[in-house]
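# Per-entry structural report
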Amino acid sequence: MKIIIYIGVLLVVTGCSSMDTVKPWDKDLLAKKSMQPVPDFFENFYDEHIYFSKEASSGGQSVGGGGCGCN
Amino acid sequence: MQLGNIKKELGVATCALLQVPAAGVHAADSEWDIDTAVLFYAESDDRVSAFEPAIYASKDLGDGELIDLRLVIDVLTGATPNGAHASSVPQTFTTPSGTSSYVTPPGETPLDDSFKDTRVAAGVDWTLPINRLQRVKLGLNGSTEYDYQSLGVSATYLQDMNNRNTTLSAGLAFNNDTISPVGGVPTPLSNMRAAGTGTNRVGGDDTKTVTDFILGITQVISRKTLVQLNYSLGMSDGYLTDPYKIVTVVDQSGLPATSAFTNGDLPYLYEKRPDSRQINSLYFKTVHSLTRDVINFSYRYFWDDWGISSNTFDLKYRYEIGRGYLQPEVRYYLQDAADFYVHNLKLGDPLPDTVSSDYRLAKMTTTTLSLKYGHAIGEKSEWSVRAGLMNQSVDDGDVPAGEETPDTDAIIVNAGYSFFW
């Protein structure tokens, strides 16, 4: 749990202190497909589907994935 | 040639201003962004294998309005553990239909090989801009398979802030699922019956509802770094039991209590899980660009009211090579057991309210290693192939030798081809 609090504090502190420093014309790297949180739709989709079927935990990234009677 | 490059650079610059993926440059030309993919998943020892082709199509309708369509077909075959553990004596089980039986030899984990299914799932997402900085994404999804139907709706609100360096999101989803098990819904905690002697069933089908909430923030930290933090809450109600899973009842000698049951009752009880579940997760992701390569790391802490908690780490390193890239990935997952998970039940002990021997609810780890290669073809298309090995290892604790849950090993291969049309 400590690591989560640490990550949260780090996110707020670093995020708030630098949120105005990246101007639109400096977002060339961030605009790349490889820099998106989910750069490959199906790679992520298949992983979610496999681990939903084989583990007791699921979700965390988004909502609305649909149901499955996976066994 | 130079004109082409200038056009491309202008496109990238426009993307940078709008903070949309470079792919959006082409999509804005009223083209469909199409992703096709296929997954092959196979577990060792002739257990479950899956073949899963899929297609995803996205179109920019202008002014920030987007539509996404997806279709997935999932063909499953093979044998799946029925929940009973290995024993030093042969074990006889009844197939879900109740009409035939199968025998598991001594020392082997009981597997039901009548498992076969085809699932078709489809979904549509519609992103609607409210104004320059706010938008709503509405979703509809449905799936059907032989013994399971699912229908769901979702809505996510997204708000950009701070020169679009911050995006806040809030989402809600609702699913209504119907389970129609082969042979009917087993009476929870009743005995599996010998083939042809009738079945302990309470009905033909049952339902469950799932409601999910998510709150998230995506923050640009620097020109090269993006972070995301989500909190998710999910609530399931209804039939959450696996109708095909059983629990072994053992006698004083530790063997299946065959002689203690008569008139066709077998020493195996149908499992029973609670009829509600609340899950929570905190999900953190960061994407960082090195000079050319990209690191993508995520961590999830998950907990629920069944006593399960888990930690998931995932690290990808994208190594750029000319027009292609090589991406090794390692994923490590470890979970604690559900409160009602047992190795078996002892004859004469009080029957618990809820119980399961499904190894997926046990204390265990999953380790996956994979390698992906992707290659751009011209300006508008890309293909990729990924191959991986997955290992699941259950910590059975103190169980008699020969009854341990075997590891699950699987190969995962998926290939994709994306293009604009």
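## Digging into the overall build of chain A
The number of helices and strands found in chain A is 2 helices and 0 strands. Counting the 71 residues in chain A, one finds 44% classified as buried.

## Describing the overall build of chain B
Per the secondary structure count, chain B includes 2 helices and 24 strands. Projecting the C-alpha coordinates of chain B onto the three principal axes gives extents of approximately 85 × 40 × 35 Å. Taking all 421 residues of chain B together, the buried fraction comes to 36%. Residue pairs in contact within chain B that sit at least 24 positions apart in sequence constitute 59% of those at least 6 positions apart.

## Examining the nonpolar core
In terms of nonpolar packing, the biggest core is built from 16 residues, with F42 and Y46 of chain A together with A37, L39, Y41, A50 and A54 of chain B touching the most fellow members. Put simply, the parts of the chain that give this core at least two residues each are helix 2 (41-54) of chain A together with strand 1 (32-43), strand 2 (49-62) and strand 3 (65-81) of chain B. Sort the elements by how many residues they give to this core and helix 2 of chain A lands first, with 4 residues. Grouped together as the second largest cluster of nonpolar side chains are 15 residues, V22 and A31 of chain A together with I221 and V294 of chain B included.

## Side note on the environment of D63 of chain B
Residues and elements named next belong to chain B. Within the secondary structure, D63 sits in the loop between strand 2 and strand 3. The class of D63 is exposed, set by 8 C-beta atoms lying within 10 Å. When the C-alpha atoms of D63 and M192 are compared, they prove to be 59 Å apart, with 129 residues separating the residues in sequence.

## Structural notes on the confidence of the model for chain B
Residues and elements named next belong to chain B. On average, chain B scores 92 in pLDDT, and the residues at 70 or more come to 93%. Across residues 1-28 the pLDDT falls below 50, and counting only partners more than four positions away or on other chains, this stretch makes 39 contacts in the model. Interface confidence for the predicted complex, expressed as ipTM, amounts to 0.90; the pTM equals 0.89.

## Notes on the pairing of strand 20 (residues 324-335) of chain B
All names here are of chain B. Pairing of strand 19 (residues 309-321) with strand 20, which is carried by 10 bridges, proceeds in the antiparallel orientation. Bridging across to strand 20, D314 finds its partner in R331. Taking the residues between adjacent antiparallel strands as the criterion, strand 19 and strand 20 are bridged by 2 residues, where G322 takes a positive phi near 55°. In this sheet, strand 22 (residues 364-377) lies alongside strand 20 in antiparallel orientation, the contact comprising 12 bridges. Along strand 22, the bridge assignment pairs Q327 with K372.

## Topic: the interface of chain B and chain A
Each partner contributes residues to the interface: chain B has 84 residues there, and chain A has 46 residues. With 8 residues, strand 13 (residues 206-222) of chain B is the largest single contributor of residues to the side of chain B that touches chain A. Per-class residue counts for the side of chain B that touches chain A are 38 nonpolar, 32 polar and 14 charged.

## What about helix 2 of chain A?
With 14 residues, helix 2 of chain A extends 20 Å from end C-alpha to end C-alpha; this agrees with the ideal 20 Å at 1.5 Å per step. Residues of helix 2 of chain A that are buried: F42, E43, F45, Y46, D47, H49, I50 and K54 of chain A. Looking at the buried side of helix 2 of chain A, the elements it contacts are strand 1, strand 2, strand 22, strand 23 (381-394) and strand 24 (408-420) of chain B.

## Considering the sheet that holds strand 11 (residues 191-193) of chain B
Residue and element names in this part refer to chain B. The 4 strands are arranged 11-16-15-21 in an open sheet whose pairing can be described as mixed. In this open sheet, the two strands that pair with only one neighbour each are strand 11 and strand 21 (345-346). Direction of pairing for strand 15 (residues 246-250) relative to strand 16 (residues 265-270): antiparallel, over a ladder of 3 bridges. Residue pairing in the sheet places T248 in a bridge with Y268 of strand 16.

## Quick look at unusual backbone geometry
Residues and elements named next belong to chain B. For D45, which is not glycine, the phi torsion reads 60° and is therefore positive. Structurally, the position occupied by D45 is in the loop between strand 1 and strand 2. Among the residues examined, D45 registers 13 C-beta atoms within 10 Å and is labelled partly exposed. Even without being a glycine, D63 presents a positive backbone phi close to 55°.

## A look at the pairing of strand 5 (residues 101-104) of chain B
Residues and elements named next belong to chain B. Where strand 4 (residues 91-94) meets strand 5, 4 bridges bridge the pair, whose relative direction is antiparallel. Bridge assignment links T94 to a residue of strand 5, and that residue is S101. Counted between consecutive antiparallel strands, the loop separating strand 4 from strand 5 contains 6 residues, among which G98 sits at a positive phi close to 85°.

## A few points about the environment of S97 of chain B
All names here are of chain B. Mapped onto the fold, S97 is located in the loop between strand 4 and strand 5. A sequence separation of 146 residues divides S97 from P243, and the C-alpha atoms of the two residues are 12 Å apart. The contacts of S97, once residues within four sequence positions are left out, are V182 and G183.

The rules behind each value
- Residues numbered from 1 in each chain as written.
- Chains lettered and ligands numbered in written order.
- Predicted model: local features only at pLDDT ≥ 70, side-chain atom pairs only at ≥ 80, totals over all residues.
- Helix = DSSP H or I, 4+ residues; strand = E, 2+ residues; numbered from the N terminus.
- Buried ≥ 20, exposed ≤ 12 C-beta atoms within 10 Å, placed from the backbone.
- Contact = placed C-beta atoms within 7 Å.
- Core = buried A, V, L, I, M, F, W, Y, C linked by C-beta atoms within 7 Å.
- pLDDT = per-residue confidence, 0-100.
- Pairing = 2+ DSSP bridges.
- Nonpolar A, V, L, I, M, F, W, Y, C, P; charged D, E, K, R; others polar.
- Expected span 1.5 Å × (residues − 1).

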